[in-house]
Amino acid sequence: MSKSLDELKSDIDEMEKQLAEAKKQYREMRTAGLRDAIEARKAADEAVKEELKSLGYSNTYSYNNPFISWRTF
């Protein structure tokens, strides 16, 4: 009982969809820590910006401050 060509093509298409979904899930799981770290860095940058602002520095200064220049590489 072999499958017809159309059935095989349909099976292959379904498997390719499953593979694409599995790859997407794998990529998301693999990079979850990086995304969390980027969000944490954004929050820290915002806190530094607000602290500098409360100390009387302009927003432009925060981007030129040598102590936080690691953000711009």
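Description of the structure in this document. Everything numeric here is computed off the predicted structure, so don't read it as measured data. For every chain, the first residue of the written sequence is number 1, and numbering continues from 1 along that sequence. Per-residue local features are limited, in this predicted model, to residues with pLDDT of at least 70; the limit for side-chain atom pairs, both in listing and counting, is 80 or more; totals at the level of whole chains, interfaces and linings are taken over all residues. Side-chain figures throughout are based on the complete set of non-hydrogen atoms in the structure, without hydrogens or water.

**A short note on the overall build of the chain**
Then, in step 1: Numbering of helices and strands runs from the N terminus, with a helix taken as a DSSP run of H or I at least four residues long and a strand as a DSSP run of E at least two residues long. Broken down by element type, the chain carries three helices and zero strands.
Then, in step 2: Shown N-terminal to C-terminal, the secondary structure of the chain runs as helices and strands in the order α-α-α.
Then, in step 3: Looking at the chain as a whole, 8% of its 73 residues qualify as buried.
Then, in step 4: Per-residue and other accessible areas were derived by the Shrake-Rupley procedure at a 1.4 Å probe size, with only the shown protein chains allowed to occlude residues. As displayed, the chain has an accessible area near 6,700 Å², and 58% of this comes from carbon and sulfur atoms. Burial here depends on accessible area, computed with a 1.4 Å probe over protein chains only, as a share of the maximum for the residue type. Under 20% is buried, over 50% is exposed, and the range in between is partly exposed.

**Thoughts on helix 2 (residues 32-54)**
Then, in step 1: Multiplying 1.5 Å by the residue count of a helix minus one yields the expected span of that helix. The terminal C-alpha atoms of helix 2 lie 33 Å apart, and with 23 residues this matches the ideal 33 Å at 1.5 Å per residue to within 8%.
Then, in step 2: Just downstream of helix 2 lies G56, where phi reads positive at about 100 degrees.

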